[in-house]
Amino acid sequence: MSETLHELVIVGSGPAGYTAGIYAARAQLAPVLYEGSVTAGGALMNTTEVENFPGFPAGIIGPDLMDNLKAQAEKFGSILVRDDIVELQLDGDVKVLKDGSGNVLRAKAVILATGSAYKEIGLENEKRLSGRGVSWCATCDGFFFRNQEIAVVGGGDSAMEEANFLTRFASKVVIIHRRDSLRASKIMVERAQANPKIEFLWNTEVIDVLGAENVSALKLRNTVDGTESERAFTGLFVAIGHTPRSELLVGQVDLDNEGYVKVDGRSTRTNLTGVFACGDLVDHTYRQAITAAGSGCQAALDAERFLAGH
Ligand code: NAP
């Protein structure tokens, strides 16, 4: 267990955290970057081919992209730590952070980049068949469902968007929603309803995912009359929202009512001096690897300017 003082500590290691590390290290801030003990690399570690990250015309495998970003952050002097920050005290001029091994770090500035997590339905077989037909990312995995019949769960904009996108590949996409009206915006609903490959299954919830090796069917329950049925599908896309990973920050920095960290305008400044936030942790809307990387860059520049002025 140690006690050390640093210019900057970065918490989180997705595209936002590593990019903040690249920029901060090049600015000679010797940032300490907490990658997380099990979640190092963030959500992209669970994806296969990333085809839309600029600069890789042939595509790149998600974990390879994260390895590259990590190597680039390390090359310029980021100090990477494969551990979690478990306690934070972010007010005051010197921030105090404690990691999972009991080390205490004091820092003049902190960048928060802990990302977001896809919501899960919460079924045992959903977890077991994850990556074997169950997915949370149409843009990542849609390609594998060419000419197949697949289901999308959810009634928000994400579900409409995922369903529309999936019709490029699938022969049919069935949107399964637990109510009889959608939460999604009008334009997204109209687009989905106009798509001949999309069918809606109303007042229905998924109560089990069936299949030995891969998804073969879903067990469904009607939310009005309680009747149960089974229907064959080879894929299940869960699009029931995201939750920002801000549990540790409750009572520390200002969060909005959905748990995202509030930042000042287009900057990455939080309500606390010297504390910056970036990536999915602040982003309701875009949640792309490239937008997270861009906001990680902004956070490092904001932190650098803050430190130069103090
Ligand atoms: P959302 O708006 O919170 O919608 C989540 C949907 O999932 C709701 O329809 C909800 O049902 C359903 N749901 C939640 N938990 C469920 C469960 N356990 N089982 C079954 N269904 C469940 O989330 P989102 O669609 O991810 O959108 C989040 C934000 O991002 C929104 O502000 C949205 O406008 C924005 N967004 C925008 C775009 C775009 O404009 N292109 C694209 C994606 C997202 P109920 O309706 O019954 O609660």
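**A short note on the overall build of the protein**
- Summing up its helical and strand segments, the protein has seven helices and 19 strands in all.
- On C-alpha atoms alone, the protein measures out to a radius of gyration of 21 Å, which is about the 19 Å that the 2.2 N^0.38 rule sets for 310 residues.
- Projected onto the principal axes, the alpha-carbon positions of the protein cover approximately 60 × 40 × 40 Å.
- Residues counted as buried form 49% of the 310 residues belonging to the protein.
- Counting only contacts in the protein whose residues sit at least 6 apart along the sequence, the fraction spanning at least 24 positions is 60%.
- A total of about 15200 Å² of accessible surface is found on the protein, and carbon and sulfur atoms cover 49% of it.

**As for the environment of L129**
- Mapped onto the elements, L129 comes out in the loop between α3 (124-128) and β10 (134-135).
- Residue classification places L129 among the buried residues on the basis of a relative accessible area of 0%.
- Sequence separation of L129 and V209 is 80 residues, and the distance between their C-alpha atoms is 7.9 Å.
- Every residue in contact with L129, bar those within four places of it in the chain, is listed here: V134, V209, L210, G211, A212, E213, N214 and V215.

**Quick notes on the site of the ligand**
- Residues in contact with the ligand amount to 15 residues; listed here are only the nearest, D157, S158, E161, R179 and R183.
- Within the side chain of S158, an N or O atom sits 2.5 Å from an oxygen atom of the ligand.
- At 2.7 Å, a side-chain N or O of R179 approaches an oxygen atom of the ligand.
- For the ligand, the protein covers 72% of the area, taking 910 Å² as the surface of the free molecule.
- Sorting elements by how many residues they give to the shell around the ligand places helix α5 (residues 157-166) first, with three residues.
- Considered class by class, the residues forming the shell around the ligand number two nonpolar, seven polar and six charged.

**A closer look at the sheet that holds strand β13 (residues 198-201)**
- Strands sit in the order β10-β17-β11-β12-β13 across an open sheet of five strands; the sheet is parallel. The open sheet has two edge strands with one neighbour each: β10 and β13.
- Bridge analysis of strand β11 (residues 149-153) against strand β17 (residues 235-238) gives four bridges, and the strand direction is parallel. Across the sheet, residue V153 finds its bridge partner in β17, namely V238.
- Across the face of the sheet, α5 comes into contact with β11, β12 (172-176), β13 and β17 while running at roughly 165° to β11.

**Concerning the packing of aromatic side chains**
- In the structure shown here, the tally under the stated rule is seven aromatic pairs.
- Their ring planes at 50° and their centres at 6.2 Å tell us that F53 and F56 sit as a pair that is tilted.
- Arranged with centres 6.2 Å apart and planes meeting at 80°, the rings of F143 and F144 form a pair that is edge-to-face.
- Relative accessible area serves as the criterion here: at 47%, F143 is assigned to the partly exposed category.

**Observations regarding the sheet that holds strand β16 (residues 228-232)**
- Ordered in space as β14-β15-β16, the three strands form an open sheet in which the pairing is antiparallel. In this open sheet, the two strands that pair with only one neighbour each are β14 (204-210) and β16. Strand-to-strand twist across the sheet, computed as the mean angle between neighbouring axes with direction ignored, equals 30°.
- The sheet contact formed by strand β15 (residues 217-222) and β16 spans five bridges and is antiparallel. Counterpart to R221 in the pairing with β16 is E228.

**Quick notes on a positive patch on the surface**
- Among the surface-exposed residues, K119, R178, R179 and R183 lie close enough to one another that they form a single positively charged patch.
- Its location among the elements puts R178 in the loop between β12 and α6 (186-193).
- Under the relative-accessibility criterion, R178 is labelled exposed at 59%.

**Quick notes on the pattern of salt bridges**
- Within this structure, the stated rule accounts for twelve salt bridges.
- Residues K186 and E190 are paired through a salt bridge, measuring 3.0 Å at the closest nitrogen-oxygen approach. Here the residue K186 and the residue E190 both occupy positions in helix α6, the gap between them amounting to four residues, near one helical turn.
- A residue is classified by how much of its surface remains accessible, and E190, at 42% relative accessible area, is partly exposed.
- Ionic pairing is found between R231 and E199, a salt bridge with its closest N-O pair at 3.1 Å. Placement of the pair is R231 in strand β16 and E199 in strand β13, with a sequence separation of 32 residues.
- The class of E199 is partly exposed, set by a relative accessible area of 23%.
- Salt bridges sharing common partners tie together E149, K172, E199 and R231.

**Considering the nonpolar core**
- By size, the foremost hydrophobic cluster in this structure holds 30 residues, and its most contacted members are L8, I111 and F276.
- Elements that contribute at least two residues to this core include exactly β1 (3-11), α1 (15-26), α2 (62-75), β8 (104-112) and α7 (289-308).
- A total of seven residues in this core trace back to one element, the largest contributor, which is α7.
- Discounting residues that sit within four places of it in the chain, L8 has contacts with A24, L29, A30, P31, V32, A109, V110, I111 and A303.

Reading guide: rules and limits
Residues numbered from 1 in each chain as written. Predicted model: local features only at pLDDT ≥ 70, side-chain atom pairs only at ≥ 80, totals over all residues. Heavy atoms only, no water. Helix = DSSP H or I, 4+ residues; strand = E, 2+ residues; numbered from the N terminus. Rg over C-alpha atoms; globule rule 2.2 N^0.38 Å. Buried < 20%, exposed > 50% of the residue type's maximum accessible area, 1.4 Å probe, protein only. Contact = heavy atoms within 4.5 Å. Areas by Shrake-Rupley, 256 points an atom, 1.4 Å probe, with all protein chains shown as cover. Near = heavy atom within 4 Å. Polar contact = N/O pair within 3.5 Å; in protein donor to acceptor, adjacent residues only side chain to side chain. Nonpolar A, V, L, I, M, F, W, Y, C, P; charged D, E, K, R; others polar. Pairing = 2+ DSSP bridges. Axes fitted to C-alpha atoms, helices over the stretch in contact; angles between N-to-C directions. Phe/Tyr/Trp six-rings, centres within 6.5 Å; stacked < 30°, edge-to-face > 60°. Patch = residues over 30% accessible without salt bridge, like charges linked within 9 Å, V, L, I, M, F, W, Y side chains within 5 Å. Salt bridge = Lys/Arg side-chain N within 4 Å of Asp/Glu carboxyl O. Lys, Arg positive; Asp, Glu negative; His and termini not counted. Charge placed at Lys NZ, Arg CZ, Asp CG, Glu CD. Core = buried A, V, L, I, M, F, W, Y, C linked by side-chain atoms within 4.5 Å.

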